[in-house]
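Remarks on the overall topology
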Amino acid sequence: MLVQTAEILKEMPMPRMARVRQNFPHTAITDLPAAIRAQLEQEKIVSLIKPGMRLCITCGSRGVANSALIAKELVAFVKRHGGEPFIIPAMGSHGGATAQGQLAILRNYGITEESCGCPILATMETVKIGVTDEGHDVFIDKYAAGADGIILNNRIKPHTSFRGPYESGLVKMSVIGLGKQKGAEACHINGYDYMGQLIPLFGKVVFANAPILFGFGTLENEYEETAKVVALTKDEILTEEPKLLQEAFAMMPRLLLPSCDVLIVDQIGKEVSGAGMDPNVIGRYFAKGLSGGLQVRQIALLDLTDASHGNFLGTGLADFITRRVYNKIDLDVTYANCLTCLRANSAYLPVILDNDRQAIAGAIMFCYGIDRTKARVIRIKNTLELSEIEVSESMLDEVRENPELTLLSNVRDLPFDAQGNLF
């Protein structure tokens with residue numbers, strides 16, 4: 001870093017911070033294996049499996065709570081009833097749009113052939129299964145297309161970049177996840193502003209022409225815990241998922257303080273959010289017409305998770321990043337994702353500064369018109385883990401007045417090491 005930059009930022013006052021608990025309802029399932037089996041062993045689901053059927057189970061790229069356990073239970077269920085299960089990575093263009101990259105993502109989640117007890121078949125090859133009423137070709141994974149049945153397995157939650165009856169969930173899994181890079185690109189052809197309309201249109205073709213058997217959906221609470229599981233027949237997916245999406249909205253992680261000057265985000269990652277950091281939390285969106293979340297002036301981003309494998313989507317939502325983030329980026333992995341979803345600005349690079357202290361200082365400096373010694377600052381680990389946050393001394397009165405927040409500590413100086421990074 002140029003000496004001049006370091007000198008400019010050196011005297012910027014750092015906020016003193018206190019730990020705060022955000023008090024969300026505890027709605028986690030206490031015995032998850034039992035809850036999964038209770039849903040799967042319903043007659044309407046059991047009756048769909050015939051002995052000898054080769055059944056494809058989808059596993060995605062998001063950081064779904066208990067994903068390895070859920071995959072293992074789905075495999076065991078299929079085997080109990082005479083089926084022959086196999087798993088596929090169903091994650092569009094993620095993992096650098098390569099089969100090996102997608103297998104690596106599953107391994108990171110603990111989903112392996114050994115742990116699940118069935119083959120995992122990974123390919124980027126697809127087959128065309130139909131055409132939408134508007135003339136768009138629809139593709140799905142080659143192995144899924146050749147199965148006797150497909151079990152759609154995914155978390156249902158609000159999407160980061162569009163609104164519609166089906167957002168992140170089972171229908172989107174059938175279109176984008178199963179579609180691999182080619183299918184995902186076809187569905188993104190008009191950009192995110194039209195995704196809410198295109199997902200149902202593409203889904204209609206998939207459900208009419210692919211061997212969809214049933215779906216297994218999960219909902220998570222604000223603590224990233226599995227709060228609900230549901231097994232749905234093929235027809236029920238289309239009618240029930242919009243209702244489940246509304247339930248997911250109500251349980252979405254969020255910040256219980258409405259605004260701040262600076263948001264410090266310790267890490268972004270694809271396992272945290274499809275957008276790296278969830279726009280529904282930070283209040284910044286790539287797509288038009290979306291709103292909500294925090295009102296914030298500047299965002300300082302400090303790190304990129306290892307599980308992202310260099311995919312730095314989300315930096316475009318920040319104002320300042322550290323050199324640590326920059327050194328971790330993989331252009332090929334990220335640009336494969338960008339080119340597929342036709343969104344370049346998600347991978348724009350903000351101002352790059354040497355360390356955490358400089359990134360935070362730069363963000364405070366850009367909040368012109370305020371008393372910088374009293375900057376209103378919030379610090380979070382990421383946009384998924386929000387049960388505990390930090391706030392600056394200038395925000396403590398807001399914390400004390402909010403019954404949903406609990407002050408956990410006295411204020412302290414931010415703990416920087418000799419290199420200017422937080423520890």
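Described in the following lines is the structure provided in the data block. (Residues numbered from 1 in each chain as written. Predicted model: local features only at pLDDT ≥ 70, side-chain atom pairs only at ≥ 80, totals over all residues. Heavy atoms only, no water.)

Every buried residue of helix α2 (residues 32-40) is accounted for by L32, A35, I36 and L40. Take α2 and look down its axis: the buried residues cluster within an arc of 130°, on one side only. Tucked into the core, α2 has its buried residues touching α3 (43-46), α4 (67-80), β7 (212-220) and β8 (226-233). Regarding α2, its N-cap is D31, as a side-chain oxygen of that residue lies 3.3 Å from the backbone nitrogen of A34 further along. (Buried < 20%, exposed > 50% of the residue type's maximum accessible area, 1.4 Å probe, protein only. Helix = DSSP H or I, 4+ residues; strand = E, 2+ residues; numbered from the N terminus. Arc of directions from axis to C-beta. Contact = heavy atoms within 4.5 Å. Polar contact = N/O pair within 3.5 Å; in protein donor to acceptor, adjacent residues only side chain to side chain.)

It is worth spelling out the environment of R62 at this point. Inspection of the secondary structure puts R62 in the loop between β2 (54-59) and α4. C-alpha of R62 to C-alpha of S392: the two residues are 330 residues apart in sequence and 31 Å apart in space. Among all residues touching R62, those that are not within four sequence positions of it are H94, Y109, R155, K270, E271 and G274.

Strand residues, when the strand is regular, have side chains that alternate between the two faces of the sheet. Counting buried positions along strand β6 (residues 149-155) yields seven of seven residues, so the element is predominantly enclosed. Every second residue of β6 is oriented toward a common face, with G149, I151, N153 and R155 on one face and I150, L152 and N154 on the other, all of them buried. Relative to β6, β2 runs parallel, the two being bridged by three bridges. The partner of C56 across the bridge, within β6, is I150. (Pairing = 2+ DSSP bridges.)

Oppositely charged side chains can form a pair if their charged atoms are brought close together. With the rule as written, the count across this model stands at 28 salt bridges. The salt bridge partner of R155 is E220, with a shortest N-O separation of 3.2 Å. Highlighted residues: R155 in strand β6 and E220 in strand β7, separated in sequence by 65 residues. Of the two residues, R155 and E220, both sit in the buried class. Note that R324 and D303 form a salt bridge whose closest N and O atoms lie 3.5 Å from each other. With R324 in helix α13 (residues 323-328) and D303 in the loop between β10 (295-301) and β11 (320-322), this residue pair connects regions lying 21 residues apart in the sequence. Residue class for R324 comes out partly exposed when judged on its relative accessible area of 26%. Look at D303 and you get buried, because its relative accessible area is 19%. When salt bridges that share partners are traced, they join D303, D306, R324, K328 and D356 into one network. (Salt bridge = Lys/Arg side-chain N within 4 Å of Asp/Glu carboxyl O.)

This paragraph deals with the packing of helix α8 (residues 170-177) against helix α10 (residues 195-209). Helix-helix packing is described using two parameters, namely the angle between the two axes and the distance between the axes. Two numbers describe how α8 lies on α10: the axes approach to 9 Å, and their chain directions differ by 80°. With respect to each other, α8 and α10 are oriented roughly perpendicular. Residues V171, K172, S174, V175 and I176 of α8 form the contact with α10, whose own contacting residues are M195, I199, F202, G203, V206 and F207. Considering only residue class, the contact of α8 with α10 consists of eight nonpolar, two polar and one charged. (Axes fitted to C-alpha atoms, helices over the stretch in contact; angles between N-to-C directions. Parallel < 35°, antiparallel > 145°, perpendicular 65-115°, else oblique. Nonpolar A, V, L, I, M, F, W, Y, C, P; charged D, E, K, R; others polar.)

This next bit is on the packing of aromatic side chains. Per the counting criterion, the structure on display carries four aromatic pairs. Between F24 and Y223, the ring centres sit 5.8 Å apart and the planes meet at 75°, which makes this aromatic pair edge-to-face. Taken together, the residues span a long stretch of sequence, with F24 in the loop between β1 (16-22) and α2 and Y223 in the loop between β7 and β8 at a distance of 199 residues. Between F320 and F366 the ring centres are 5.1 Å apart and the planes differ by 85°, which places this aromatic pair in the edge-to-face class. Separated by 46 residues along the polypeptide, F320 in strand β11 and F366 in the loop between α15 (356-365) and β13 (377-380) bring together distant segments of the chain. Against the face of Y143 rests K142, its NZ or CZ located 4.9 Å from the ring centre. Note that R297 overlies the ring of Y368, its terminal NZ or CZ placed 5.1 Å from the centroid. (Phe/Tyr/Trp six-rings, centres within 6.5 Å; stacked < 30°, edge-to-face > 60°. Lys NZ or Arg CZ within 6 Å of the ring centre and 35° of its normal.)

A few words now on the sheet that holds β2. Taken in spatial order, the five strands line up as β3-β2-β6-β7-β8 in an open sheet, and their pairing is mixed. The strands lining the two open edges of the sheet, one partner per strand, are β3 (84-89) and β8. Sheet twist, expressed as the average angle between the axes of neighbouring strands with direction ignored, equals 20°. As defined by bridge partners, β7 adjoins β8 across seven bridges and the pair is classed as antiparallel. Residue F216 lies in a different strand from β8, and its bridge partner there is A231. Across the face of the sheet, α4 comes into contact with β2, β3, β6 and β7 while running at roughly 150° to β3.

Taken by themselves, the reported measurements are silent on function.
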